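Here is what each chain is made of, one letter per residue.
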Amino acid sequence: MRSLPKLLGLLGGLCAAAAWPAEARAVTASVPVRAPSLAGEAVTFDLTIGDAVGPVQVRWDMGDETRTEFMVDDVQQVHTYAAPGHYPVLVTVKDDVGFTSVAFVHTAHRPLVTGSAAGSTDLVYDPPNAKVYTANYENDSVSVLDASALTKVAEVPVARGPVGLALTAQGTLWVLHRDAHSVSILDTASLSVEREIALPYASQPMGLAISPTGDAAYVTLMAVGKVLKLDVASGAVVAELWLGGTPRGVSVSHDGSQIYVTRFLSEDSHGEVARIDAATFQVSTRFALAADTTTEDTDQQGRGLPNYLFSVGLSPDGSFAWVPGKKDNIFRGPFRDGLDLTDDNTVRPLVALLNLAEGAEDVARRIDLDDRNLPNQVVFTPLGDYAFISVAGSALVEVRDAYTGEFVTALKETGFAPRGLALTETNKLFVHASLSRTVTVYDVADIVSSHDLITKKLTEIPTVAVEKLDPQVLRGKQLFFNSADIRMSDQGYISCASCHFDGAEDGRVWDFGSAGEGLRNTVSLLGRRGTGHGNVNWSGSFDEIQDSDDNIRHLFGGKGFLTAEQLAVGTVGTPRGDKKAGLSPELDALAAFLGSLDTYRPSPFRNPDGSLTQDGVAGRAIFKRLGCGFCHTGVDGTDSAGGKLHDVGTVKPSSGMRAGEPLFGIDTPTLNGVWEAAPYLHDGSAPTLRDVLVTANPDDRHAFTSGLSEAELGQLIAYVQQLDGTVDAEAPSEDDAEAPSEDGGFLGLGCSVTGGRSDRRAPLLAFALVASLMTFGARRRRPS
């Protein structure tokens, strides 16, 4: 079956070729009724003819390789399309004077389910009231738009960090808050907050969907691996289910019987979507999105692990679920398969199609969106024959044929970071351009009817009256997301957000050997304030955020934000060379955005009031006793500001180099926020914190943990899991005399590493001294 663009172009060409000169074409023809039909059922097409001269002969081409011969007065055709699809119908008519033709696309669709599915989104449409609502995350507000007049009606202040919206049958709007870990219930008539529903502390609620049955709401808690079921009437939590991982997107089937939840960050083996039976609230199916290790890497396709699974779009026929995300090519690199990473084959956009009846992904139909970045939400036309996909990193909405998966067209100029989508009954598509602070509206009637590819951008509606972000910070975040700028990515695949969505990390280990580094575990940028901790990257290879222009030009395939003339001055073109700050407004804006990331996400391992648990308090004492503050010192928990690098026994050949120079050690990472940053170490070789302290620390070079009991080891891990930048009150004790000094030393002994053998042994010597101060009981070894 041909793609729609080819079909419409072909039909236009045939019509032009078949048409007789105007003065000779007496006969006219039309097919007035062109209603879609069900696949497998007969449909009748009636041809109306006028102004004929003599006998009229008709030939029908039904678009599915069925074609009649010219027959006199063959004005009706009854036909059955075996499969769903878009079929180019061409009717040719001739009389004694000339020819004419009628061409159109007929849609044969699957049977539709009754009702509509529901899914998590930051934009919702309210048909009875003709209103559209948006959640404005950084501005802590909800905007109300008139869907008919295409104007903003109001902006309502709400709690911190609204990320999701859902409407109830009673006309209230539920607002989900990631930062305030709560739900606000908004009366849509008075536009006032009726009440708040508290959710577990630091749980990072990310997805919200209300069942089409109206009685239950489902909330994903990304930080604790759970899904909650709430009673819509009372707001009470009636059930919870532990899924594990990082549950994010949630959708509910049209009848409320099935719930679908994405795991945002994937394991190294596969991505995952869980199907939950609503009646039992237990997992019935786990859809595994297999890693692609066999596709040839080219400029239009490539290998990769499904990751960043944002949401689930359920088709109106109930047959498939579309899951947008990305593919990470963690199989490529000099230390892995000998091939350098390229801008075409590092990250690629992905839409996975889950066959709901079979309970598995239809791998053959997996869609690779060429030259795109970060697809994140899918909505369908009423027949389910076209899919609209918002592509946050590419600043557009892509339209795909839902039956073939083929590209139809793209709606461009959406604004920065389009996310939520809503298609109205009047064929208006509302797109939330979250970083432009607008909703862009398109007329897509011709696409919905399969008449043409023409779309009309109607307007952009501002959503935020008073912006909370500094203008330079907001500009920096826009640049951080946008791969449509050829200075960021020539092919459009990669932006900073591709691996650091919302400033966090993607859980992957990349082979940056071709960039003069080695195996590198993606780090979260949250709380680091740009260069607030010191040099950045595991090797400390950049001393200013503007040095990232080097990665942009070499890894992203971008043109870069500095000119060749600027790079040729002094050592500007070299990382840690002459300063780049002030040379590019765009790089300075990126630095301003990263500098604004001054907080970590609160740890859910703490008590509900945010204080340390009993084990956390005990672990803090062990942390001090072991002298972990040698390197993880101060409020930031790192000695990076002093330019120190350390080899604690983890540097190996695959660690590579430092920006093309010898690598003698690793920059000390902060421990704040590590509770959500697995895997660990610069090469991701430690899956858990226990592995950091035990498996990857056989000679006690990282910490003298062999002297800890199992209970003490658990307490130390508990403390590290609770580090989130909170300054905890601490009663004075005798141990205070042994606290690390301001220069990172312990008892006057520093442990910086500059590359020499004696320097690398300093931490071990220090730990030996610490151990001599410990009680005999604390030095007993754990049972093997």
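Analysis parameters
- Residues numbered from 1 in each chain as written.
- Predicted model: local features only at pLDDT ≥ 70, side-chain atom pairs only at ≥ 80, totals over all residues.
- Heavy atoms only, no water.
- Helix = DSSP H or I, 4+ residues; strand = E, 2+ residues; numbered from the N terminus.
- Buried < 20%, exposed > 50% of the residue type's maximum accessible area, 1.4 Å probe, protein only.
- Contact = heavy atoms within 4.5 Å.
- Areas by Shrake-Rupley, 256 points an atom, 1.4 Å probe, with all protein chains shown as cover.
- 1 Å grid on protein atoms, 1.4 Å probe; cavity = no way out; pocket = protein on both sides within 12 Å on 5 of 7 lines; lining within 4 Å.
- Points joined across faces, edges and corners; volume = space filled by probe spheres on them.
- Nonpolar A, V, L, I, M, F, W, Y, C, P; charged D, E, K, R; others polar.
- Axes fitted to C-alpha atoms, helices over the stretch in contact; angles between N-to-C directions.
- Parallel < 35°, antiparallel > 145°, perpendicular 65-115°, else oblique.
- Pairing = 2+ DSSP bridges.

Chemist: I would appreciate a short explanation of the overall build of the protein in the present structure.
Modeler: Assigned secondary structure in the protein consists of 10 helices and 44 strands. Per-residue burial over the protein gives 56% buried out of 784 residues. Within the protein, residue pairs in contact and separated by at least 24 positions form 57% of the contacts whose partners lie at least 6 positions apart. Accessible surface computed for the protein: about 30,600 Å², of which carbon and sulfur atoms make up 53%.

Chemist: Teacher, can you tell me more about the layout of surface pockets here?
Modeler: Unoccupied space between atoms shows up once a probe the size of one water molecule is rolled over them. Estimated volume of the second largest pocket: approximately 1,400 Å³. In terms of lining, the second largest pocket is formed by 48 residues, of which the most central are Ser 116, Ala 117, Ala 118, Gly 119 and Tyr 125. Counting residues per element, the ones that place at least two in the lining of the second largest pocket are β10 (118-119), β11 (123-126), β15 (162-167), β19 (205-210), β28 (313-314), β33 (375-380) and β37 (418-423). In terms of residue class, the lining of the second largest pocket is made up of 27 nonpolar, 19 polar and two charged.

Chemist: Would you mind showing me how to read the packing of helix α7 (residues 614-625) against helix α9 (residues 710-721) here?
Modeler: For any two helices packed against each other, the geometry is given by the interaxial angle and the distance between the axes. At a minimum axis separation of 7 Å, α7 and α9 run at an interaxial angle of 100°. Classed by the angle they form, the pair α7 and α9 counts as roughly perpendicular. Packed against α7, whose contacting residues are Asp 615, Gly 616, Ala 618, Gly 619, Arg 620, Ile 622, Phe 623 and Arg 625, the element α9 presents Glu 712, Gln 715, Leu 716, Ala 718 and Tyr 719 at the interface. In terms of residue class, the contact of α7 with α9 is made up of six nonpolar, three polar and four charged.

Chemist: Would you take a moment to explain the pairing of strand β5 (residues 57-61) for this structure?
Modeler: For a regular strand, the rule is simple: side chains alternate between the two faces of the sheet. Of the two faces of β5, only the one carrying Val 58 and Trp 60 is buried; Gln 57, Arg 59 and Asp 61 on the other face are not. Bridge count between β5 and strand β6 (residues 71-72): two bridges; the pairing is antiparallel. The residue bridging Gln 57 from the neighbouring strand is Val 72, located in β6. With five bridges joining them, β5 and strand β8 (residues 85-94) adopt antiparallel strand pairing. When the sheet's bridge partners are listed, Arg 59 is paired in β8 with Thr 92.

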